[in-house]
Amino acid sequence: MTRFLSSISLSLLFSFFALALFPAAAKDWKAGVAKVDISPTEEIWLAGYGGRDRPGSKVSHRIWIKALALQDETGRVSVLVTSDLLGFTAGLSKRVADRVQSKHGISRAGLAFNASHTHSAPVVGGMLRPAYKLGPEHVPAIERYTEKLEDQVVEAIDKAIDAMEPATLSFEQGLAGFAVNRRRARRGRRHYPAPVDHDVPVLVVKNASGKIKGIVFGYACHATVLSGYEVNGDWPGWAQEGVERRYPGAVGMFVAGCGADQNPLPRRSVELAKTYGEVLAHAVDLVVRGTMQPVEGKLNVALEHVDLPFQTPPTREELEWRIKTDASESRKRHAKFLLEKLERDGRLATEYPYPLQVWQFGDDITFIVMAGEVVVDFSLRFKKAYGWDTTWVAGYSNDVFAYIPSERVLREGGYEGGGAMIPYGQPRPFRAGVEEIVANTVDALFQRVNGQP
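Bear in mind that the values here come from a model prediction, so they are computed numbers and not experimental data. (Residues numbered from 1 in each chain as written. Predicted model: local features only at pLDDT ≥ 70, side-chain atom pairs only at ≥ 80, totals over all residues. Heavy atoms only, no water.)

Regarding empty space enclosed by the protein
Thought 1: As enumerated under the stated definition, the model contains three cavities of 30 Å³ or more in all.
Thought 2: The computed volume of the largest cavity comes to approximately 90 Å³.
Thought 3: Asp197, Pro201, Ala220, Gly257 and Val393 are the residues nearest the centre of the largest cavity, which is lined by 13 residues in total.
Thought 4: Mapped onto the lining of the largest cavity, the elements with two or more residues apiece are β8 (199-207), β9 (212-219), α9 (376-386) and β18 (391-394).
Thought 5: Tallied by class, the residues present in the lining of the largest cavity amount to seven nonpolar, three polar and three charged.
Thought 6: Roughly 60 Å³ of internal volume is contained in the second largest cavity.
Thought 7: If you go around the second largest cavity, the residues you meet are Leu68, Leu70, Leu80, Leu203, Val216, Trp359, Phe361, Ile365, Phe367 and Trp392.
Thought 8: Looking at the lining of the second largest cavity, the elements with two or more residues in it are β3 (64-71), β15 (351-361) and β16 (365-370). (1 Å grid on protein atoms, 1.4 Å probe; cavity = no way out; pocket = protein on both sides within 12 Å on 5 of 7 lines; lining within 4 Å. Points joined across faces, edges and corners; volume = space filled by probe spheres on them. Helix = DSSP H or I, 4+ residues; strand = E, 2+ residues; numbered from the N terminus. Nonpolar A, V, L, I, M, F, W, Y, C, P; charged D, E, K, R; others polar.)

Observations concerning the packing of helix α7 (residues 316-325) against helix α8 (residues 329-345)
Thought 1: Put simply, α7 and α8 touch, their axes get as near as 8 Å, and they point 145° apart. Read as a crossing pair, α7 and α8 show a hand that is left-handed. Across the interface between the two elements, Arg316, Leu319, Glu320, Arg322 and Ile323 of α7 pack against Arg331, Lys332, His334, Ala335, Lys336, Leu338, Leu339, Leu342 and Glu343 of α8.
Thought 2: Tallied by class, the residues present in the contact of α7 with α8 amount to six nonpolar, one polar and seven charged. (Axes fitted to C-alpha atoms, helices over the stretch in contact; angles between N-to-C directions. Left-handed = near helix turned anticlockwise from the far one by under 90°. Contact = heavy atoms within 4.5 Å.)

A closer look at the side chain of Ser83
Thought 1: Note on placement: Ser83 falls in strand β4 (residues 77-83).
Thought 2: Only 3.0 Å separates the side chain of Ser83 from the backbone oxygen of Asn114, close enough to count as a polar contact.
Thought 3: Beyond its immediate stretch of four places on either side in the chain, Ser83 contacts Trp64, Ile65, Phe88, Asn114, Ala115 and Ser116. (Polar contact = N/O pair within 3.5 Å; in protein donor to acceptor, adjacent residues only side chain to side chain.)

Looking at the packing of aromatic side chains
Thought 1: For the structure shown, the criterion picks out 20 aromatic pairs.
Thought 2: Their ring planes at 85° and their centres at 6.1 Å tell us that Tyr219 and Trp235 sit as a pair that is edge-to-face. A residue pair is termed long-range when its members are at least 10 positions apart, and Tyr219 in strand β9 and Trp235 in helix α5 (residues 234-246) qualify at 16 residues. Side by side, Tyr219 and Trp235 carry an identical accessibility label, which is buried.
Thought 3: With a centroid separation of 5.2 Å and 10° between ring planes, the pair formed by Phe310 and Phe430 is classed as stacked. In this pair, Phe310 sits in the loop between β14 (299-309) and α7 while Phe430 sits in the loop between α12 (421-424) and α13 (434-449), placing the two residues 120 residues apart along the sequence.
Thought 4: Of the residues examined, Phe430 reaches a relative accessible area of 2% and is grouped as buried.
Thought 5: Taken together, Trp29, Phe171, Trp359, Phe361, Phe367 and Trp392 form an aromatic cluster joined through their ring pairs.
Thought 6: Lying over the aromatic face of Trp64, Lys35 brings its terminal NZ or CZ to 4.3 Å of the ring centre.
Thought 7: In this arrangement the basic side chain of Arg54 is found over the ring face of Tyr229, its NZ or CZ atom lying 3.6 Å from the centre. (Phe/Tyr/Trp six-rings, centres within 6.5 Å; stacked < 30°, edge-to-face > 60°. Buried < 20%, exposed > 50% of the residue type's maximum accessible area, 1.4 Å probe, protein only. Lys NZ or Arg CZ within 6 Å of the ring centre and 35° of its normal.)

Concerning the nonpolar core
Thought 1: In terms of nonpolar packing, the biggest core is built from 115 residues, with Ile157, Tyr354 and Met370 touching the most fellow members.
Thought 2: By residue number, the principal contributor to this core is helix α4 (residues 139-162), which donates 11 residues.
Thought 3: Once residues lying within four places of it in the same chain are set aside, the contact partners of Met370 are Cys258, Tyr354, Leu356, Phe378, Phe382, Val393, Ala394, Gly395, Tyr396, Ser397 and Val438.
Thought 4: Of all hydrophobic cores here, the second largest spans 28 residues; its members include Leu68, Ala109, Val251 and Val255. (Core = buried A, V, L, I, M, F, W, Y, C linked by side-chain atoms within 4.5 Å.)

The structure is reproduced here in structure tokens:
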């Protein structure tokens, strides 16, 4: 009898330990990860810098599309896509989303497309077209690459969904310090404010046996160490490689944060790109090996488009005058680009339909997904509003079409405050008040995913 009771006691004790080690969330999540090589196979113009005068021809570091498919306790599936690209266009995101929705029934709000913003990947679609000196002979390679890329993104999503299995999720944040606010890095601007976001959010995906299948991590900084003619993922590419080297069999996925006004400094060497990648990979490793918080509950998702107003567009006469008299070739290309739009559409845009997205992981993570090149002020604002430890803000998502300045940056001006509208082909800088339009929309989405009226 004593042995029988002892056996029951040991069984109960083992059950308690098992519950502690494998919480209820283990049976609630399913997850799958996948990666697809998107390195170009022909000579192609590289994105991000207007100073290049010829296509790139060599792949020095392979680039990837990666996908994480998540199924929550309700059976609803959402997919995060990350990429070694300058950005997704609105058209590419929509085409992929339409195909995935038709095939898998996943809502548009349940698909998020993020780009590392490497300046050493191929041009995609018409993004930043006025910035580049490319001729008509260079366009077919871009079109072929973009068409193939669409299929490859769908392929990665398909593979991630097919790979879904019972999983656990955990989350925590670390730190890395190589991002510098670039707006004060020029002579005469040392007096500018210099906010940074050095947080390194980390989401770890393990299967039911405890093996790490995926590590998703983020940082807010431009991927602009390198500026040559070779295809590579810049420091985010080496960071992902470093994470995967530390955790064999796992897929490392990088999510670019609000790094529009952040640069890795110093820069301009392969050694520095590798160094920053290793710094970030090590920061991720410290988080993974430390104490992480379980992620439980449902994954509620929401997406909204809100119109961001431009200042009054230029007239036809102004554009024609610029083409004739402006000494800047980039401003001439911009004027020609707008004039073609005006002749085709009969008008220039007075606003832009801006996509904003929020994913709420139970009570554990608020994931805010923002389009465009977003300055760091937004990340700091939203973390203060929704929780420094549990809020993760991504930029460069779904549609990279312009810089998104805070009110401070818009008032100060400069490249991030309005100058970048020229290479992006937008008619004018944004009007005052865009920060509040964005913040109010994010707050409405936050209320929605948290079940509040």
